[in-house]
Structures are given as C-alpha cells and as structure tokens.
Amino acid sequence: MADTRESWQTRLGFILAAVGSAVGLGNIWRFPWMASENGGAAFLVVYLGIVLLVGVPGLLGEFVIGRRSKRNPVGALSSLSDSKGWSAFGHVFVVTAVLLLSFYSVVGGWILRYFGASFTGAYFGNPGAYFSSINYGFEAVAFHVLFLFLTAAIVGFGVKGGIERATKVMMPAIVVLLVGLAAWGLTLDGASAGLAFYLSPDLGYLQTHFLDILPAAAGQALFTLSLGAGTMVTYASYLGEDRSLPVDGTFIAGLNTLVGVLAGFVVFPILFALGSGAGQPGAGAVFVSLAGAFAALPYGQVVAVVFFGVVALAALSSSISMLEIPVSFLVDEYGVSRRKATVAFTGLFLVTGSVNALSAQVFGFVAGTLVNLLLTGGLAGFLLFTGWVLGTDAVAELRSGAGDLGQRLATPWLYAVGVVLPLFLVFTLLSSLLPCSASNSGRAPSSRSPSASS
C-alpha cells in the first residue's frame, strides 16, 4: 500500500467534486431520455422519491465506508471486514467503473463532436442523419479517445491538483449556464406544453405503468448520484473526520437533483415549443430531437454551442470520478504511482471504449441493462455491508463531526440501510428482470405528448 495518501484541500473542493461526479451525462443526456420514455412528470415523481428515500441514505452508506477505511472499494471492504469474500466483492466495483467509463467516454466523444459542429451548424440540416453518421464507427472511436485523454490528464494531476481544481471551475459554470438556458427556453412559444408534460403527472399513467417506471427511475437515481459503483466510497476516503457526512451528503444529493431538474426545464420546453413533443426516445434523444430544435429556433446556433459546452463540462466532471476508482485501486493496493496507474487504465479504456464505439448492440446493453443491474446490486451490497458488517462502527462514523442531528438520525439510518433499502433494491432488480404486462407500453411517452402516437 502507498505510504502517503492524498486528501481534499477544502470542504468545498470535496462537495464540488462529489457533485461533479453526480452531475454528468446522467442529468443532461440520460435524464430527459428516461423521462420522455416513462411519462414525463410520472417519472419525475418516482425519481424524486427514490433520490430522497434511497439515494441520500445510500450516499451516506458509501461515505461511511470510504471515510472509515481511507481506502478504495476493494481495500475498504477487505480492511473493514477482514474477509476474502468481501474483498472479492470489492473487485466488482472496479469492473463496474471500467464498464461505466467504457460507454461513457463514447458519449463524451459524441458531445465533443457536437460541440465543435455547433459552431458551424453542421447537423442542422438533418440531425437524424448526422447522428447516425457519427455515433458508431472509427470516427466515434477517435472522439472517444480524445475525451478519454482529457479525463486522464485531469486524474493524472491528483486529487488536489487535478480533480479538485477542475471541478471548482466546471461545477459553477454548469449551473450558471443551465439556469440561463432554462430561462431562455421558458420564453419560447409553446414552452408551457413542455412544462405540463414535465411537471403535471398523469396519475392514471403512473398507476398503470408503475412497475415499468420504478426500475428506470431507480437506475437513473443511482446513476446520477454515482451510487453503486464505488465512486463515493473513493471520494469519501479522502475526507477528514471533522466533516459532517449527513450535511455534505444531503447537499450533494440536493444540488445534483437540482441540476437534473434544470436540465428538464431546458430540454422539454424547447422540444414542445418546436412541436416535437417529448422527442425521439433512446440514446439519441438529445442528439437528434434537441439538435433539430436548435436549427429551427431563434439564436439556435448560439444556444447549441452553450448547451453542448455545458454537457461537455458535465460529462468530464463525471468521467474523472469513474477513472479515479480503478486508479485509486492500483495506488492503494499495489503502491503504483498515480501517473502510472492512470496510464495503465487509460490504455485499457482505449480498448473497451472502442468496442462500445464500434457496436450499437454492445453499447446499448452496457449503457442500459448492465449498468442498471450493476449499480443497483452494487449499492445493495454496500448497504448490507454497512448495516451488518460495520453495524455500530457505521453509527459512530456517521456521528463523527455530524452534530446533534446526526446523533439522532444515526440509529434509524442504520436500520434503513441494513434492512429496508436492500429489500427495496432487490425488488427493483426483480422488477427490471421479470416480464411485466405493461412493459412495452410503459416505455412510451405519456398520452399527453404529441409524439405518443408516433
């Protein structure tokens, strides 16, 4: 194990880095996609409930493991349990991080491509054809490599000099630009229809398709909060004992959710103002539906540059956290220097990401089904470890630096993470795997969307 270990320079640096990990493509690319496929406001209601009742307690569970151990997920589960079984389970999170960044860097490459193309309006003429021409293939590999190198450059400079410094710039920029885009979108004719789709839940639709919406909303909540992959364990391992985990965790979850909700205020008013409804379902929703809207709206080219610039920053802030997981694994467990570890895993991601960039089938399976299963199962494992292995030690760790509120909430929180939330996550996993009578229709937009009949 390495002799010295880095730590966050400031509390703000940790919070912004953790929020940066959470605020990424999950909020701006995947959130509108999931919402449009699952009834808009109906999805939003379930999603917000899961963030509050599952996401925040789960985030605290990962924080406790990370800070208690001062190690990466593998070292954390091994050192805190002294068990070969838990140590072996810890390696699952390194694999999960590899799979996550393998598809994430491909989407990051799409974003870089669109950001450059927005200056010339290259995709304005036929957004669908443009996306089809760049989403998979050797050009997609090239831009995946570019995005990966940007990620590796930040991680290679370390926790303070790379991750903390970069996110202190990126996160405020993302929030400010999103607020500006949302304010502009709300001035458009027809924006009110987008707000209705997004904010007025159809209770009948929610009741009928609940078992379809639930796993999608749970997967989205875990994805956007960076739960179940070991990211928050790794980031919390650089924390001091004087930090209040409940305060920091609630603030991180709240700011992440705010950005996701803001993204909806950007995307849906623009789409409905153009008359395209919830837009094209699937991974290309932002790249086709929204890109087409920019072509037809006033100042669309300027807005497109700003929008894809925001998405690029968000994607980068999350990708650095994904790379940090396997890098910290090599640094902690084998004493490898940070730069050598970064180079080694970047080489691996060049290969695994290229496979995703060349095959739509592989990309769709990894980005959808596999990621949802791994994140849900991973968080369930962390929570069971917190509740049944750490037990009273978890309570003591949560209370450390937490003040009076943390003192009162620690014991009820332990019962929740040890019993209630794992049962919920297992139910969610089964709901996503077992066939449901409404599974096909549950993926369609709400009947109030103009595109529902297409």
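Residues numbered from 1 in each chain as written. Predicted model: local features only at pLDDT ≥ 70, side-chain atom pairs only at ≥ 80, totals over all residues. Heavy atoms only, no water.

A. Structural detail: the nonpolar core. Judged by nonpolar contacts, the single largest core of 141 residues is most densely connected at Phe103, Tyr123 and Phe294. Per element, the largest residue contribution to this core is 18 residues, and it comes from helix α15 (residues 300-334). Not counting residues within four places of it along the chain, the set of residues in contact with Phe294 comprises Tyr123, Phe124, Ile270, Gly300, Gln301, Val303, Ala304, Phe307 and Phe308. (Core = buried A, V, L, I, M, F, W, Y, C linked by side-chain atoms within 4.5 Å. Buried < 20%, exposed > 50% of the residue type's maximum accessible area, 1.4 Å probe, protein only. Helix = DSSP H or I, 4+ residues; strand = E, 2+ residues; numbered from the N terminus. Contact = heavy atoms within 4.5 Å.)

B. Here's a closer look at the side chain of Arg67. By secondary structure assignment, the location of Arg67 is in helix α3 (residues 41-69). At a separation of 2.6 Å, a polar atom in the side chain of Arg67 contacts the side chain of Glu397. Within the local environment of Arg67, its side chain forms a polar contact with the backbone oxygen of Ser400, the two atoms lying 3.0 Å apart. Leave out the neighbours within four places in its chain, and Arg67 touches Ala236, Ser237, Leu239, Gly240, Glu241, Arg243, Leu245, Glu397 and Ser400. (Polar contact = N/O pair within 3.5 Å; in protein donor to acceptor, adjacent residues only side chain to side chain.)

C. Summary view of the pattern of salt bridges. Counted according to the given criterion, the structure contains 6 salt bridges. One salt bridge connects Arg67 with Glu397, and the closest N-O pair in it is separated by 2.6 Å. Taken together, the residues span a long stretch of sequence, with Arg67 in helix α3 and Glu397 in helix α18 (residues 392-399) at a distance of 330 residues. Pair check on accessibility: Arg67 and Glu397 agree, each one buried. Residues Asp393 and Arg68 are paired through a salt bridge, measuring 3.4 Å at the closest nitrogen-oxygen approach. One end of the pair, Asp393, is in helix α18; the other, Arg68, is in helix α3, with 325 residues separating them in the sequence. For Asp393, a relative accessible area of 35% gives the class partly exposed. Here Arg68 falls in the partly exposed class, since its relative accessible area comes to 33%. Salt bridges linked by common partners bring Arg67, Arg68, Asp393 and Glu397 together as one network. (Salt bridge = Lys/Arg side-chain N within 4 Å of Asp/Glu carboxyl O.)

D. Inspection of helix α6 (residues 127-134) at higher detail. Along α6, the residues that are buried comprise Pro127, Tyr130, Phe131 and Ile134. Within α6, the buried residues cover an arc of 95° as seen down the axis, which keeps them to one side. (Arc of directions from axis to C-beta.)

E. How the structure looks around the packing of aromatic side chains. Counted according to the given criterion, the structure contains 25 aromatic pairs. For the pair Trp110 and Phe363, a centre-to-centre distance of 5.2 Å together with 40° between the ring planes defines the contact as tilted. Here Trp110 is found in helix α5 (residues 84-118), whereas its partner Phe363 is found in helix α17 (residues 360-390), with 253 residues between them in sequence. Under the relative-accessibility criterion, Trp110 is labelled buried at 1%. What makes Phe363 buried here is its relative accessible area of 2%. One aromatic cluster in this structure is built from Phe103, Tyr104, Trp110, Phe131, Tyr136 and Phe363. (Phe/Tyr/Trp six-rings, centres within 6.5 Å; stacked < 30°, edge-to-face > 60°.)

F. The arrangement of the environment of Ala97 in detail. If you trace the backbone, Ala97 turns up in helix α5. For the pair Ala97 and Ala229, spaced 132 residues apart in the sequence, the C-alpha separation amounts to 6.1 Å. When sequence neighbours within four positions are dropped, the list of residues in contact with Ala97 reads Met322, Ile325, Pro326 and Phe349.

G. Examining the packing of α3 against helix α11 (residues 210-224) more closely. Where α3 contacts α11, the axes come no closer than 8 Å and their chain directions differ by 50°. As judged from the angle between their axes, α3 and α11 are oblique. Relative to α11, α3 is oriented so that their crossing is right-handed. For the pair formed by α3 and α11, the contact residues are Ala42, Phe43, Val46, Tyr47, Ile50 and Val51 on the first element and Phe210, Ile213, Leu214, Ala216, Ala217, Ala218, Gln220, Ala221 and Thr224 on the second. The residue makeup of the contact of α3 with α11, split by class, is 13 nonpolar, 2 polar and no charged. (Axes fitted to C-alpha atoms, helices over the stretch in contact; angles between N-to-C directions. Parallel < 35°, antiparallel > 145°, perpendicular 65-115°, else oblique. Left-handed = near helix turned anticlockwise from the far one by under 90°. Nonpolar A, V, L, I, M, F, W, Y, C, P; charged D, E, K, R; others polar.)

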